[in-house]
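# Chain and residue survey
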Amino acid sequence: MSERPEIIQARYDKLSKLQELNITAFAYKFHRTHLSAEIKDKYTELEGSGEKVRVAGRLMAIRGHGKSSFGHIWDNDGKIQFYIKYDIVGEEQYNFFKKLLDIGDIIGIEGEVFKTKTGEITVKVEKIEILSKSLLPLPEKWHGLVDKEARYRQRYLDLISNPKVKEIFIKRTKMYKAFRAFLDSQGFLEVETPILQPIYGGAFAKPFQTHLNALDLRMYLRIADELYLKRLIIGGFEKVYEICKDFRNEGVDRLHNPEFTQIELYSAYWDYRDMMDFTERMLEFVAGEVCGTTEIEYEGRAISFKAPFKRVSMLEVTAEKTGVDFRGMDYAEAKKYAESLGVDVGGKRNWGQVVEEVFSELVQADLVQPTFITDFPADISPLAKPHRDKPGLSERFEGYIAGEEVFNAFSELNDPIIQREKFAELQKLRRLGDEEAPPIDEDFLTAMEYGMPPTAGLGCGLDRLIMILTDSHSIREVIFFPLMKPEEK
RNA sequence: GGGGGUGUAGCUCAGGAGGUAGAGCAUCUGCCUUUUAAGCAGGUGGCCGCAGGUUCGAGUCCUGCCACCCUCACCA
């Protein structure tokens, strides 16, 4: 029982004293008249008016001076200083403050507002009450909570003691709002599609499996939304989007969390060039809404979200960079040249995979400014339309920022005959041991056979985008509760 | 999975070459009625990640394990 560290036991002792005094340490409610920010905004009206304000928040600092004390409480929008004086509140309340409250407690105060001689807007306390006793001590006031493991496992402590962390997540929400505002204004409809799916598809990835007891059915958590959103396009919703949690049963590192967020959007009657025009306008808008500017800095490098973005074809930029033009080569020849460039293509099973590997090894890291890389190999783009002019390529682009892939888009394949062939090729890859090639989705093919309008679609990794917009090095900094191994007890 | 690093008080961190465990903040006791990392004086607080080993003696050296971080590989 009483094995508690002294610093914690002291708080339990105070709780007992409160109970002896018949003071409720865990209140039911507190009527607030103002938030801390409102007091500051309305100071000129409040000063000298005799109006009493009631504010509540977490007690974060105390500076005692004998018979008077200063302190700060933090609420949703910021902090406010209070001044409590023996002469005003009397012996009982002052001793209650001095002896029974701790940093970390949630308290409510009432009093008039004034400015100290250093000019800080301050509440002169007339009444003070405890709303919730904090039984565990908070991290240190100056350094905050630094240990990354503790920050991620106990995010609430991170949020309490590191105000900048709160800003990152506020920006994350601003990003969602900006996408919604932009897309809604352009006639897109926000929709929801299944997370639990009997067949996964729309990307190359290992899925999470689960089991539906009612139907004794193996189910998967979605790896992408693509095939369901296209069904909606077929159904006559011509512009749709979804902000979607996807799940991939793969590695965990600074760029990957097993559960992550994308936005996918589809517009009928567009091709991938329309989507590029749209995407750069949308990204410029989102960056401006989140950061207040399109000119940002990520890991010491200036990045401009000002449209238009650079556009260059994958094969051309790779040829420029490496001196090897892979166009017109067959699989064996491409492999030979890739190896001559020092790129390991041992596990690559077709021409496109080889070219993509060379690109991602030797070119990708240099794409710091937002750049559209266009015209990907057709054999690694099973859901994209074949390029109208360039044999072997597809009408597909990916967007790179700060050397990382952030979005991926196509002129969507709408020919069910070619789609079936593409799926068949994926089944070959599966049989060759490619675990990430998705199984064939007959229901989706049936939908396509009813006729799908020409369509362009885009997927954008929102975790990576907000990392860049908040200058965060790890995906764990932008996900409230990133995946952590449970601690062994 | 490979390589490198970290783990010591509630928090942030020191502990040189094996010899009784340290600081700041917090906490506790005094003093202090406009401070803001308030101040002054004094005190409490430790499974040194876990388990073994070497040694007269291990926070320190060795082995194994655990968690986390960085990095490479993998991952659209």
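No experiment lies behind these values; they were computed from the predicted model shown.

### Quick word on the sheet that holds strand β10 (residues 239–247)
A sheet is described by the order of its strands in space; here eight strands give the open sequence β6-β10-β11-β18-β17-β16-β15-β14, paired in mixed fashion. Because the sheet does not close on itself, it has two edges, and the strands there are β6 (189–190) and β14 (310–313). The pairing of β10 with strand β11 (residues 259–268) spans nine bridges and is antiparallel. Along β11, the bridge assignment pairs Asp246 with Phe260. Packed onto the sheet, helix α9 (residues 272–291) meets β11, β14, β15 (371–374), β16 (396–401), β17 (404–411) and β18 (455–461) and runs at close to 35 degrees relative to β18.

### A few points about the packing of aromatic side chains
The final tally for this structure, using the stated rule, is 18 aromatic pairs. When the ring of Phe372 is compared with that of Phe397, the centres are 5.0 Å apart and the planes differ by 80 degrees; the resulting orientation is edge-to-face. Of this pair, Phe372 sits in strand β15 while Phe397 sits in strand β16; the two residues are 25 residues apart in sequence, bridging distant segments of the chain. The buried category is assigned to Phe372, whose relative accessible area is 0%. You can call Phe397 buried: its relative accessible area is 0%. One aromatic cluster is present, formed by Phe182, Phe188, Trp270, Phe278 and Phe285 through successive ring pairs.

### So, the pattern of salt bridges
Under the definition given, this model contains 34 salt bridges. The salt bridge involving Asp105 is made with Lys133; its shortest N-O contact spans 2.8 Å. Of the two residues, Asp105 is situated in the loop between α4 (86–100) and β4 (106–115) and Lys133 in the loop between β5 (121–132) and α5 (148–153); the sequence distance between them amounts to 28 residues. Take Asp105: its relative accessible area is 0%, and that puts it in the buried class. A salt bridge links Arg222 to Asp246; the nearest nitrogen and oxygen atoms lie 3.3 Å apart. Taken as a pair, Arg222 in the loop between β9 (217–221) and α8 (226–234) and Asp246 in strand β10 lie far apart in primary sequence, 24 residues in all. In this structure Arg222 comes out as buried when scored by relative accessible area, which is 2%.

### Quick look at the protein's contact with RNA strand B
Among the 51 residues in the neighbourhood of RNA strand B, the closest are listed as Lys117, Thr118, Glu149, Glu250 and His256. In RNA strand B, atoms within 4 Å of the protein come 57% from sugar and phosphate. Between RNA strand B and Gln81 there is a distance of 2.8 Å, counted from a base nitrogen to a side-chain nitrogen or oxygen. Separating a phosphate oxygen of RNA strand B from a side-chain N or O atom of Lys141 is a distance of 2.2 Å. Looking at the surface near RNA strand B, the elements that each hand over two or more residues are α1 (6–20), β1 (53–64), β2 (68–75), β3 (78–85), α4 and α5. Examining the composition of the surface near RNA strand B, we find that four residues originate from one element, α5, more than from any other. Its residues placed into classes, the surface near RNA strand B shows 15 nonpolar, twelve polar and 24 charged.

### So, the domain arrangement of chain A
When cut into domains, chain A gives domain 1 (6–137) and domain 2 (160–309 + 369–477). Each of domain 1 and domain 2 has a C-alpha centre, and the two are 49 Å apart.

### Remarks on the sheet that holds β4
With mixed pairing, five strands are arranged side by side around a closed barrel as β1-β2-β3-β5-β4. With strand direction ignored, the average angle separating the axes of adjacent strands in the sheet is 55 degrees. In terms of strand pairing, β1 meets β4 through six bridges, oriented antiparallel. By the bridge assignment, Val53 is partnered in β4 with Gly111.

### Brief notes about the pairing of β11
Among the ten residues that make up β11, nine are buried, leaving the element largely enclosed by the rest of the structure. Here β11 runs beside β18; their pairing, made up of seven bridges, is antiparallel. Note that in β18 the partner of Ile263 across the bridge is Cys460.

### Quick word on the confidence of the model for chain A
Per-residue confidence for chain A gives a mean pLDDT of 94; residues scoring 70 or more make up 99%. Confidence metrics for the complex model read pTM 0.94 and ipTM 0.92.

### Things to note about the side chain of Ser267
For Ser267, the position within the fold is in strand β11. Within the structure, Ser267 has its side chain in polar contact with the side chain of Trp270 (distance 3.4 Å). Not counting residues within four places of it along the chain, the set of residues in contact with Ser267 comprises Phe188, Ile233, Glu238, Lys239, Pro454, Thr455 and Ala456.

### Quick look at helix α15 (residues 462–469)
Of all eight residues that make up α15, eight are buried, and the element is covered over most of its length. Taken together, the buried positions of α15 are occupied by Leu462, Asp463, Arg464, Leu465, Ile466, Met467, Ile468 and Leu469. Where α15 terminates, the next one or two residues include Asp471, which has phi positive at roughly 55 degrees.

Cut-offs and rules
Residues numbered from 1 in each chain as written. Chains lettered and ligands numbered in written order. Predicted model: local features only at pLDDT ≥ 70, side-chain atom pairs only at ≥ 80, totals over all residues. Heavy atoms only, no water. Pairing = 2+ DSSP bridges. Helix = DSSP H or I, 4+ residues; strand = E, 2+ residues; numbered from the N terminus. Contact = heavy atoms within 4.5 Å. Axes fitted to C-alpha atoms, helices over the stretch in contact; angles between N-to-C directions. Phe/Tyr/Trp six-rings, centres within 6.5 Å; stacked < 30°, edge-to-face > 60°. Buried < 20%, exposed > 50% of the residue type's maximum accessible area, 1.4 Å probe, protein only. Salt bridge = Lys/Arg side-chain N within 4 Å of Asp/Glu carboxyl O. Near = heavy atom within 4 Å. Polar contact = N/O pair within 3.5 Å; in protein donor to acceptor, adjacent residues only side chain to side chain. Nonpolar A, V, L, I, M, F, W, Y, C, P; charged D, E, K, R; others polar. Domains from an automatic or database assignment. pLDDT = per-residue confidence, 0-100.

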